[in-house]
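# Summary of structural features
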Number of protein chains: 6
Amino acid sequence: MNAIVSNSQLTHFDASGQAHMVDVGQKSETHRIAVASGQIRMSAAAFEQLQPERNKKGDVLAIARIAAISGCKQTSQLIPLCHPLGLTRVAVDFIIDASLFSVSVQVTAETFGRTGVEMEALTGVTVGLLTIYDMLKAVDKGMCIENVHLLRKAGGKSGDWVHSNDANDTNDTNDQ
Amino acid sequence: MNAIVSNSQLTHFDASGQAHMVDVGQKSETHRIAVASGQIRMSAAAFEQLQPERNKKGDVLAIARIAAISGCKQTSQLIPLCHPLGLTRVAVDFIIDASLFSVSVQVTAETFGRTGVEMEALTGVTVGLLTIYDMLKAVDKGMCIENVHLLRKAGGKSGDWVHSNDANDTNDTNDQ
Amino acid sequence: MNAIVSNSQLTHFDASGQAHMVDVGQKSETHRIAVASGQIRMSAAAFEQLQPERNKKGDVLAIARIAAISGCKQTSQLIPLCHPLGLTRVAVDFIIDASLFSVSVQVTAETFGRTGVEMEALTGVTVGLLTIYDMLKAVDKGMCIENVHLLRKAGGKSGDWVHSNDANDTNDTNDQ
Amino acid sequence: MNAIVSNSQLTHFDASGQAHMVDVGQKSETHRIAVASGQIRMSAAAFEQLQPERNKKGDVLAIARIAAISGCKQTSQLIPLCHPLGLTRVAVDFIIDASLFSVSVQVTAETFGRTGVEMEALTGVTVGLLTIYDMLKAVDKGMCIENVHLLRKAGGKSGDWVHSNDANDTNDTNDQ
Amino acid sequence: MNAIVSNSQLTHFDASGQAHMVDVGQKSETHRIAVASGQIRMSAAAFEQLQPERNKKGDVLAIARIAAISGCKQTSQLIPLCHPLGLTRVAVDFIIDASLFSVSVQVTAETFGRTGVEMEALTGVTVGLLTIYDMLKAVDKGMCIENVHLLRKAGGKSGDWVHSNDANDTNDTNDQ
Amino acid sequence: MNAIVSNSQLTHFDASGQAHMVDVGQKSETHRIAVASGQIRMSAAAFEQLQPERNKKGDVLAIARIAAISGCKQTSQLIPLCHPLGLTRVAVDFIIDASLFSVSVQVTAETFGRTGVEMEALTGVTVGLLTIYDMLKAVDKGMCIENVHLLRKAGGKSGDWVHSNDANDTNDTNDQ
């Protein structure tokens, strides 16, 4: 870091270092997919509330699923330099781990467009996790959201990308 | 878990197990504070981009700060059962850890009202972290958001609450 | 209608006939409640899809419930002259009528404020019904939303009000 | 209903019964049109307020028209599993029936895209009707929204569709 | 500017120079009013289109009025550090000046709260003016928005304030 | 103006004078660019606060830049008859004029679509200017927003257009 070098690596800044919504007009419209996941760890008492028989008709994960999908659609209003774009598919999966008292949320977002949907998938994951927190916080305020990351993406000029999980990153193993 | 018990522990469900926006009309208007934090871990290459001299006028954290504040204001549109409420203060702090290549975001939200602002603080944290991801993803798509949790809250009937981390260390240190 | 009379009956217009968001600053903050309902009639085939065992984990009404609550919160963005206001409670009930192949949605909205929540309750009802339509339209595009109206309100200077159902308005009878 | 059959008829649920935003990525972009209508019945006193000479420059229906158009644009924020999409045209027509003291709102929505605009048209209709209610509620709180339904759609794989009015459904007769 | 002094004059920055949503929790709830105005100058051809007899039922200013009111309600989503707050009244007036081919928009916003509504009034003015531009741009793309400023405010600790028009600022004279 | 002529010049009104969102379905998708600008004049005291050394890490213009970009994305929610559309690029430039105590904001918006982005560029400019006002109003409430106009547009059937600055419109001269 001795020499000041250009910041061209960050596409959200132009040559003079100003933030902008980067020009994607020259990119071609392609099918783009992004998959992201994250998890929330909780106490045994909170985890027990996730059991369907506890909440009769109410279902924490059903509500979190809808919130995650709606959250994907609000991405460009939340992330300042994100392009507004259409979505052709959003799917949400949950993995409940009774040994860790944790729930994983995985969101798949797809579009046909000039830019990727990584931020949409990640935003969906976090809104889903925050909604689980909100639903269970009466029982456990200390829950912790962890390991929110992009699992893989496909489409676009940069092509396919898969997260390189190392040995310490066991949480992802079952997601892919 | 032998017997089915009532789900009254989850305030977001009524006696018949239906989700609802819980009645806070009987609560008194008090000064309420919530502080939440979370962090994002990244590669050395991405971390280097955070240095101000790399981005001239553009500043990743300045943009994340604004996004976090705006995110707080969008909480009730994101979290289905959250009450819409006014905010009397939002502040955002960053802690950069060069040894871990990580950035912590801490958001303090305050209101005078009938319900707490925990979700606002947590939403601000996640939107701030997602914005950092968005700004740096051209360099590192594998960044990971971790340890998003409530640090403390004050005000309201349930009174003060502090995350039960080792008391000797300031809020974040032992969260991992 | 021979003589032009003042339009003072419509509070949304001022003395010169201009639309405005009416001044509620002089009103006192009181507990206000509004209850509204409406229904959607559908084919037998669509109605059958509402049975829980048909959709396994997916639940049309659970999603409509969340949409109705979220819809309440978006009222002031949808209805031009509505005051933005906080909500202290929103509850949604469904009544399924197997003889009529219909579902009724009833929304109760509450606040402490200077203006009523009738529009919030009515907006919640219609968003809930539209969501049912959206979920079932693959089976029946001809579904019809009917009988959306205010059942009762309480609070405020104008005091309590209950819908006066006449004999032809049998749909409401069971709602109250 | 003896046997549990698959719920494949509801496209908003996947094979395992989970709600999702259905994949439209394989659909071709075509010109899509949807026309929906609905009406609001009111007292004679409220109906009289609709006369232009009553409200001078203020015009209830002009405001409802703008609300209906804006409402169309907010559809994907209101209906959880709706795809966000562009709109190439929105038009709103009113039919005033002095004999029934009713106003019908008809909305035509169009797009070029991978999914239809039925929900946009229906949402526009209901927001228009709710706005009329809001404007006139100072005179009549008992107004009733009725007969909100899709009149016809064109475009897309499922092709053209027209509502089949039967004899009991006389309200539609004049709409087409 | 020889010495670096503290930036305490800008309330939106804290003592360390970080942007924040300023703490208004200690302020008392008072009746607050703000009045702002601005104008748009246009060609004779565009100005002629404002005449009611040109557009039959369509009315450029009626639509701009609704847009201005809706714009006020969206202020805290547009201005990053603005507090979300309720509004107890919004009124919009137009002054048409045939000699200058200009239209002035004046917005009065009111609330009872802990912070002022200057930004709401100014946002309403600009959204109203932008809507006039949008409606007339088919005739004149060169229209210019000018002189958007706060006319006066009342309420709050800083008390009443009136814009001090100097001799060159004749546009305001008639507004007050 | 003796005779009533058709209002066909205003595309936002149909043949019967009703406002509508104009049909752009027949237009071809082309690359469209719009550049708009505007300025805010302020007191010497407010202008001095813009100096970076005054606000340490806080930067008024950096925040205004993000607000302008976010504002562009909210255009169709603010301007009633604007089509919702994607944006492929947004860039914001500031010109600080120390002799006039003014800041100019210039926004470039681009898309590939069936309709232009003039309103997006103009909305971005005004939101940027309003944000500067908000940040500096603690020092100077009398600031004035001026000269907000379209500089040029390209693309679409109507082709390229450049603002024709006359002699009285000296503010624009340097912008192009």
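Residues numbered from 1 in each chain as written. Chains lettered and ligands numbered in written order. Predicted model: local features only at pLDDT ≥ 70, side-chain atom pairs only at ≥ 80, totals over all residues. Heavy atoms only, no water.

Per an unreviewed UniProt entry, chain A carries the name Cyclic pyranopterin monophosphate synthase and comes from Ephemeroptericola cinctiostellae. According to the UniProt record, the Sequence similarities (unreviewed entry) comment for chain A is "Belongs to the MoaC family." (UniProt positions renumbered as here; feature names shortened; annotations may be inferred.)

### A short note on the UniProt feature "active site" (unreviewed entry) in chain A
UniProt's entry tags D134 of chain A with the feature "active site" (unreviewed entry), counted in the numbering of this structure. Note on placement: D134 of chain A falls in helix α4 (residues 118-136). For D134 of chain A, a relative accessible area of 2% gives the class buried. Among residues more than four places away in sequence, those in contact with D134 of chain A are H12, I79, L81, C82 and M119 of chain B. (Helix = DSSP H or I, 4+ residues; strand = E, 2+ residues; numbered from the N terminus. Buried < 20%, exposed > 50% of the residue type's maximum accessible area, 1.4 Å probe, protein only. Contact = heavy atoms within 4.5 Å.)

### Some details on helix α4 (residues 118-136) of chain D
Here α4 of chain D is 19 residues long and its end C-alpha atoms lie 28 Å apart, about the 27 Å a rise of 1.5 Å per residue gives. Of all 19 residues that make up α4 of chain D, 19 are buried, and the element is covered over most of its length. (Expected span 1.5 Å × (residues − 1).)

### Concerning the interface of chain B and chain A
Of the residues lining the interface, 64 residues belong to chain B; the matching set on chain A comes to 64 residues. Put simply, chain B and chain A have zero salt bridges between them. Our enumeration of links across chain B and chain A arrives at ten residue pairs in polar contact (both at pLDDT 80 or more). Elements with a minimum of two residues in the side of chain B that touches chain A: α2 (60-73), α3 (75-78), α4 (118-136) and β4 (144-154) of chain B. By residue number, the principal contributor to the side of chain B that touches chain A is α4 of chain B, which donates twelve residues. In terms of residue class, the side of chain B that touches chain A is built from 30 nonpolar, 22 polar and twelve charged. (Salt bridge = Lys/Arg side-chain N within 4 Å of Asp/Glu carboxyl O. Polar contact = N/O pair within 3.5 Å; in protein donor to acceptor, adjacent residues only side chain to side chain. Nonpolar A, V, L, I, M, F, W, Y, C, P; charged D, E, K, R; others polar.)

### Details of the relation of the copies chain B and chain A
Expressed as a screw transformation, the operator carrying chain B onto chain A has a rotation angle of 180° and an axial translation of 0.0 Å, and the superposed copies differ by an RMSD of 0.1 Å. The relationship between the two copies is best expressed as a two-fold rotation axis. Of every C-alpha in chain B, the one belonging to E146 of chain B sits nearest the axis of rotation, 2.1 Å from it. An overlap of 100% is found between the interface residues of chain B and their copies at the interface of chain A, pointing to a shared contact surface. (Least-squares fit on C-alpha atoms with pLDDT ≥ 70 in both.)

### A few points about the packing of aromatic side chains
Residues and elements named next belong to chain B. Tallying each qualifying case throughout the model produces six aromatic pairs over all chains. Between F47 and F101, the ring centres sit 5.5 Å apart and the planes meet at 50°, which makes this aromatic pair tilted. Highlighted residues: F47 in helix α1 (residues 44-48) and F101 in the loop between β2 (89-97) and β3 (102-113), separated in sequence by 54 residues. On the accessibility criterion, F47 (6% relative accessible area) is buried. Accessibility expressed as a relative area gives 33% for F101, which makes it partly exposed. (Phe/Tyr/Trp six-rings, centres within 6.5 Å; stacked < 30°, edge-to-face > 60°.)

### Considering the nonpolar core
I132 of chain A, I132 of chain B, I132 of chain C, I132 of chain D, I132 of chain E together with I132 of chain F are the most contacted members of the largest nonpolar core, which totals 288 residues. Filtering out sequence-adjacent residues up to four positions away, I132 of chain B remains in contact with I40, M42, V60, L61, A64, F94, V103 and V105 of chain B. (Core = buried A, V, L, I, M, F, W, Y, C linked by side-chain atoms within 4.5 Å.)

### Regarding the side chain of Q74 of chain A
Turning to its location among the elements, Q74 of chain A is positioned in the loop between α2 (60-73) and α3 (75-78). The exposure class assigned to Q74 of chain A is buried, which follows from its relative accessible area of 9%.

### Considerations on empty space enclosed by the protein
Remark: the empty space left among the atoms is shown by a probe the size of a water molecule rolled over them. Inspection of every chain in the model, using the stated rule, returns ten cavities of 30 Å³ or more. By volume, the largest cavity amounts to about 210 Å³. The wall of the largest cavity is formed by 18 residues, among which Q77 of chain C, S70 and Q74 of chain D, S70 of chain E together with Q77 of chain F lie closest to the centre. Taken together, the elements giving at least two residues each to the lining of the largest cavity come down to α3 (75-78) of chain C, α2 (60-73) of chain D, α2 (60-73) of chain E together with α3 (75-78) of chain F. It is α2 of chain D that provides the largest number of residues to the lining of the largest cavity, a total of four residues. Residues belonging to the lining of the largest cavity are distributed by class as follows: ten nonpolar, seven polar and one charged. (1 Å grid on protein atoms, 1.4 Å probe; cavity = no way out; pocket = protein on both sides within 12 Å on 5 of 7 lines; lining within 4 Å. Points joined across faces, edges and corners; volume = space filled by probe spheres on them.)

### Here we look at the packing of α2 of chain E against helix α4 (residues 118-136) of chain E
Residue and element names in this part refer to chain E. Taken N-terminus to C-terminus, the directions of α2 and α4 make an angle of 145°; their axes are 7 Å apart at the nearest point. The two elements α2 and α4 cross, and the hand of that crossing is right-handed. Contacts between α2 and α4 involve V60, L61, I63, A64, A67, A68, G71 and C72 from the first element and E120, T123, G124, V127, G128, T131, I132, M135 and L136 from the second. A per-class count over the contact of α2 with α4 returns eleven nonpolar, five polar and one charged. (Axes fitted to C-alpha atoms, helices over the stretch in contact; angles between N-to-C directions. Left-handed = near helix turned anticlockwise from the far one by under 90°.)

### As for the UniProt feature "binding site: substrate" (unreviewed entry) in chain A
As annotated in UniProt, the feature "binding site: substrate" (unreviewed entry) corresponds to L81, C82, H83, M119 and E120 of chain A in the numbering used here. The annotated residues occupy 40 residues of the chain but converge on a single region, no pair of C-alpha atoms lying more than 12.6 Å apart. Within the secondary structure, C82 of chain A is located in the loop between α3 and β2 (89-97). Under the relative-accessibility criterion, C82 of chain A is labelled buried at 7%. Filtering out sequence-adjacent residues up to four positions away, C82 of chain A remains in contact with M21, T75, S76 and M119 of chain A, D134 of chain B together with K73 of chain F. Tracing the backbone through its elements, the reader meets H83 of chain A in the loop between α3 and β2. Here H83 of chain A falls in the buried class, since its relative accessible area comes to 7%. With residues up to four places along the chain from it excluded, the contact list for H83 of chain A reads M21, V22, V24, S76, T115 and E120 of chain A together with L87 and T88 of chain F.

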